[in-house]
Amino acid sequence: MKTNTLNIKLVGEVIYGNGLGRTLGFPTANLRASDSLSGVGSGVWAAIATIDGTEHPAVVNIGRSPSVVENGDVRIEAHLLDFEGNLYGRTLEIELRQFIRPEQKFASREALCAQITLDCESARKALI
Ligand SMILES: Cc1cc2nc3c(=O)[nH]c(=O)nc-3n(C[C@H](O)[C@H](O)[C@H](O)COP(=O)(O)O)c2cc1C
């Protein structure tokens, strides 16, 4: 995998989100976000997610998911590009590698899904 000089790492236990990601077709592993993170790193990133010492290319959203939640808390959500399985309770390390775009409020789930599909392609290009 490609490397570069950006080196922002977030580590935590995978917690339950609101389960919407799966219905959108993009299951996400959610990390607990501390209040001090608010605003920091907000947006969509290409990232490397590490579980049990294995690295996986991932696309990460840090934000409040304004398209689907009103006045939500800041969350860190990772969609792993090559992984299927249950990560709840496991320790996940996320290394942010490349900023892709700011978080946006989309008018429909379809528009959000179409953009996340593009984000996955951008992340693949940035990482692999
Ligand atoms: C790569 C990626 C990009 C995302 N971008 C946005 C965004 O721009 N706007 C938004 O409202 N939500 C965005 N989301 C968050 C989705 O709305 C979120 O995954 C969904 O609400 C599922 O949440 P859950 O894990 O709690 O089920 C993004 C999620 C991912 C994985």
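This text goes with the structure placed above it.
Residues numbered from 1 in each chain as written. Predicted model: local features only at pLDDT ≥ 70, side-chain atom pairs only at ≥ 80, totals over all residues. Heavy atoms only, no water.

(A) Expanded view of the sheet that holds strand β2 (residues 29–31). One closed barrel accounts for six strands, arranged β1-β2-β5-β4-β3-β6; its pairing is antiparallel. Between one strand axis and the next, the sheet turns by 40 degrees as a mean value, whatever way the strands run. As judged from the three bridges shared by β2 and strand β5 (residues 75–80), these two strands associate in the antiparallel manner. What sits directly across from Leu 31, in β5, is Ile 76. (Pairing = 2+ DSSP bridges. Helix = DSSP H or I, 4+ residues; strand = E, 2+ residues; numbered from the N terminus. Axes fitted to C-alpha atoms, helices over the stretch in contact; angles between N-to-C directions.)

(B) Expanded view of the side chain of Asp 119. With respect to the secondary-structure elements, Asp 119 resides in helix α2 (residues 109–127). Residue class for Asp 119 comes out buried when judged on its relative accessible area of 3%. Once residues lying within four places of it in the same chain are set aside, the contact partners of Asp 119 are Val 44, Val 59, Ile 100 and Arg 101. (Buried < 20%, exposed > 50% of the residue type's maximum accessible area, 1.4 Å probe, protein only. Contact = heavy atoms within 4.5 Å.)

(C) Representation of the side chain of Glu 77 within the structure. Relative to the helices and strands, Glu 77 is located in strand β5. The class of Glu 77 is buried, set by a relative accessible area of 13%. Discounting residues that sit within four places of it in the chain, Glu 77 has contacts with Thr 28, Ala 29, Asn 30, Val 59, Val 60, Asn 61 and Ser 65.

(D) Geometry of the site of the ligand. The environment of the ligand is made up of 24 residues, and the closest members are Asn 18, Leu 20, Ser 67, Arg 75 and Gln 104. Arg 75 places a polar side-chain atom, nitrogen or oxygen, 2.5 Å from an oxygen atom of the ligand. For the ligand, the accessible surface in isolation is 630 Å², of which the surrounding protein chains cover 99%. Broken down by secondary-structure element, the contributors of at least two residues to the shell around the ligand are α1 (20–24), β4 (54–63), β5 and α2. (Near = heavy atom within 4 Å. Polar contact = N/O pair within 3.5 Å; in protein donor to acceptor, adjacent residues only side chain to side chain. Areas by Shrake-Rupley, 256 points an atom, 1.4 Å probe, with all protein chains shown as cover.)

(E) Quick look at the pattern of salt bridges. Per the counting criterion, the structure on display carries five salt bridges. The partner of Arg 90 in a salt bridge is Asp 52, with the nearest N and O atoms 2.8 Å apart. With a gap of 38 residues between them, Arg 90 in the loop between β5 and β6 (91–101) and Asp 52 in the loop between β3 (43–51) and β4 connect regions that are remote in the sequence. Given a relative accessible area of 31%, Arg 90 falls into the partly exposed group. Among the ionic pairs, Arg 101 bridges to Asp 119, the shortest N-O distance being 2.8 Å. Taken together, the residues Arg 101 in strand β6 and Asp 119 in helix α2 connect sequence positions 18 residues apart. Assessed through its relative accessible area of 10%, Arg 101 is described here as buried. (Salt bridge = Lys/Arg side-chain N within 4 Å of Asp/Glu carboxyl O.)

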